[in-house]
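One letter stands for each residue in the lines below.
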Amino acid sequence: MIQNDPPMEEEALCQAVVETARELGRRGLNRGSAGNVSVRFGEGMLITPSGVPHDRLEAAQVVFMTLAGEWSGPWIPSSEWRMHLDIYRHRPEAGAVIHTHSDHATALACLGEPIPAFHYMVAIAGGDIIDCAPYATFGTAQLSRNMLKGLGDRKATLLAHHGLICFGRDLDEALRIAEEVEGLARQYILARSAGEVRPLPPDEMARVLEAFRTYGQNAQKRDG
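Residues numbered from 1 in each chain as written. Predicted model: local features only at pLDDT ≥ 70, side-chain atom pairs only at ≥ 80, totals over all residues. Heavy atoms only, no water.

1. Considerations on the overall build of the chain
Part 1: Helix and strand content of the chain: seven helices and nine strands.
Part 2: Whereas a compact globule of 224 residues would reach a radius of gyration of roughly 17 Å, the chain reaches 17 Å, a difference of no more than 12%.
Part 3: Taken along the three principal axes of its C-alpha coordinates, the chain extends 55 × 45 × 30 Å.
Part 4: Contacts in the chain between residues far apart in sequence, at least 24 positions, make up 63% of those at least 6 positions apart.
Part 5: Just so you have it, the chain exposes about 11,000 Å², and 51% of that area is on carbon and sulfur atoms.
Part 6: Here the chain contributes 22 positive and 29 negative side-chain charges, whose respective centroids are spaced 3 Å apart. (Helix = DSSP H or I, 4+ residues; strand = E, 2+ residues; numbered from the N terminus. Rg over C-alpha atoms; globule rule 2.2 N^0.38 Å. Contact = heavy atoms within 4.5 Å. Areas by Shrake-Rupley, 256 points an atom, 1.4 Å probe, with all protein chains shown as cover. Lys, Arg positive; Asp, Glu negative; His and termini not counted. Charge placed at Lys NZ, Arg CZ, Asp CG, Glu CD.)

2. A word on the sheet that holds strand S7 (residues 132-133)
Part 1: Taken in spatial order, the seven strands make up an open sheet running S3-S2-S1-S4-S9-S8-S7, and their pairing is mixed. Pairing within the sheet leaves two strands with one partner each, and these edge strands are strand S3 (63-66) and S7.
Part 2: Pairing between strand S4 (residues 96-100) and strand S9 (residues 163-168): five bridges, direction antiparallel. Its bridge partner lying in S9, isoleucine 98 is registered against cysteine 166.
Part 3: With respect to the sheet, helix H4 (residues 141-151) is in contact with S7, strand S8 (156-159) and S9, its orientation differing from that of S8 by roughly 135°. (Pairing = 2+ DSSP bridges. Axes fitted to C-alpha atoms, helices over the stretch in contact; angles between N-to-C directions.)

3. Here we look at the confidence of the model for the chain
The predicted coordinates ought not to be read in detail in places where the model reports low pLDDT.
Part 1: Here the chain shows a mean pLDDT of 92. Residues at 70 or above account for 92%.
Part 2: Residue range residues 219-224 is modelled with pLDDT below 50. Its contacts to residues more than four positions away, or to other chains, number five contacts. (pLDDT = per-residue confidence, 0-100.)

4. Here's the deal with the nonpolar core
Part 1: Among the nonpolar cores identified, the biggest contains 41 residues, and Ile98, Ile115, Ile130, Ala156 and Leu158 are the most heavily contacted of them.
Part 2: Broken down by secondary-structure element, the contributors of at least two residues to this core are helix H1 (8-26), strand S1 (36-41), S4, helix H3 (103-110), S8, S9 and helix H5 (171-194).
Part 3: The leading source of residues in this core is H5, at nine residues.
Part 4: Those residues in contact with isoleucine 130, other than ones at most four positions away along the chain, are Pro114, Ile115, Val122, Ala125, Ala156, Thr157, Leu158, Val181 and Leu184.
Part 5: Grouped together as the second largest cluster of nonpolar side chains are 19 residues, Leu85, Ala133, Ala136 and Leu159 included. (Core = buried A, V, L, I, M, F, W, Y, C linked by side-chain atoms within 4.5 Å. Buried < 20%, exposed > 50% of the residue type's maximum accessible area, 1.4 Å probe, protein only.)

Here it is in structure tokens:
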């Protein structure tokens, strides 16, 4: 649990969670206390508290939870903590999780529609589609189960009548995916308003996904 005098690594991670939550607001991806942010830490995670507007959020309010769902202290974790924990339990590559109610992704989610491969950047989520998980009441175990099915082996899914959830290896990647998916949702809605949208064929998306494996500075560093 978060101690009165936590080690610097934990302090730094709590502050990074706060800054990421605030950045979501600055980029128009969340408003008020909507959505939530977490980062993997030790045998659990650090997650934003329930109901605190992100522009008023402080690092001391970030909640530590174990992977068993245990927590203590004066602050209640986000009502969506189950989704975050289930991602960390089932996806060992996940280092950070972001949930948003961003406008265009949420609009598609309210229609119960996925984002198909209308643009090659759909591959940023790790597949040739960004699916839409079936609706369940917020904060419930059923929603978390639906979310895992919506994710499949990808890094993002829409949540019907709710919003978007995604993860990355760290907070920077998770934020980048959240912003890109919102942009894709906006572009898809605009394209559909102008006419029929023809998705890229599966063989082309397979080539794109392979290219994404070595795309970007981090991949280049790992590959030497």
